[in-house]
Amino acid sequence: MRLLKMHGFNSTLFESADAILDHDDFGRAFCVIMDIDLNGESGIGVCRRLASMGIRLPVIFITGNDSDAVRTAATEMGCLAYLTKPFEALSLIKPVEEARAAA
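To keep things clear, this report deals only with the structure shown in the data block. (Residues numbered from 1 in each chain as written. Predicted model: local features only at pLDDT ≥ 70, side-chain atom pairs only at ≥ 80, totals over all residues. Heavy atoms only, no water.)

**Some points on unusual backbone geometry**
Peptide bonds are, in most cases, trans, and in most cases residues other than glycine have a negative phi.
Then, in step 1: In this structure, proline 86 follows lysine 85 across a cis peptide bond, with omega equal to -10 degrees.
Then, in step 2: Structurally, proline 86 can be placed in the loop between β5 (81-84) and α5 (89-102).
Then, in step 3: Phi is positive for asparagine 39, close to 50 degrees, though the residue is something other than glycine.
Then, in step 4: Tracing the backbone shows asparagine 39 in the loop between β2 (37-38) and β3 (41-42).
Then, in step 5: For asparagine 39, a relative accessible area of 76% corresponds to the exposed category. (Helix = DSSP H or I, 4+ residues; strand = E, 2+ residues; numbered from the N terminus. Buried < 20%, exposed > 50% of the residue type's maximum accessible area, 1.4 Å probe, protein only.)

And the structure:
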């Protein structure tokens, strides 16, 4: 969150998959940054559930456990970016800026 704030972005941190799914105000959001592993729950699955709820925002996936299968699933979802930890700050900021420009 500090990195986003340093680059002038406001963000909301969710403590769990349920917290983001229960959130009811995505009106000002222009993208979602989602970890692939949310304490045992799939970030990809959460994004699919958000889409089924009508919340269709560009997604930037982050993972510390990269695999071909996960990368393929994220890419097939049409993610804006797929970042593996550790990553350079600009690797995150650039797609966030792209999402903002497209909003």
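**Let's talk about the pattern of salt bridges**
Then, in step 1: Under the counting rule described, the total for this entry stands at 3 salt bridges.
Then, in step 2: Lysine 85 serves as the salt-bridge partner of aspartate 35, at 2.8 Å between the closest nitrogen and oxygen. Pair noted here: aspartate 35 is in strand β1 (residues 32-35) and lysine 85 is in the loop between β5 and α5, with a separation of 50 residues, a long-range link.
Then, in step 3: On the accessibility criterion, lysine 85 (44% relative accessible area) is partly exposed. (Salt bridge = Lys/Arg side-chain N within 4 Å of Asp/Glu carboxyl O.)

**Regarding the nonpolar core**
Then, in step 1: Ranked by internal contacts, the top residues of the largest apolar core, which has 18 residues, are Ile20, Met34, Val46, Leu50 and Phe61.
Then, in step 2: The set of elements that each furnish at least two residues to this core consists of α2 (17-22), β1, α3 (43-52), β4 (59-63) and α4 (68-76).
Then, in step 3: If you tally residues by element for this core, the top one is α3, at 4 residues.
Then, in step 4: Setting aside residues up to four positions removed in sequence, valine 46 forms contacts with Ala17, Ile20, Leu21, Met34, Leu38 and Glu41.
Then, in step 5: Counting residues in each nonpolar core, the second largest holds 11 residues, with Cys31, Ile60, Ala81 and Leu83 among its members. (Core = buried A, V, L, I, M, F, W, Y, C linked by side-chain atoms within 4.5 Å. Contact = heavy atoms within 4.5 Å.)

**Let's talk about the pairing of β4**
Then, in step 1: Burial within β4 is extensive, with 5 of its 5 residues counted as buried.
Then, in step 2: As paired strands, β1 and β4 are joined by 4 bridges and run parallel to one another. Opposite isoleucine 33, over in β4, you have isoleucine 60 as the bridge partner.
Then, in step 3: Pairing analysis gives 4 bridges linking β4 to β5, with the strands arranged parallel. The partner of threonine 63 across the bridge, within β5, is threonine 84.
Then, in step 4: In this fold, the crossover linking β4 to β5 by way of α4 has right-handed handedness. (Pairing = 2+ DSSP bridges. Right-handed = clockwise from strand over helix to strand, strands pointing away.)

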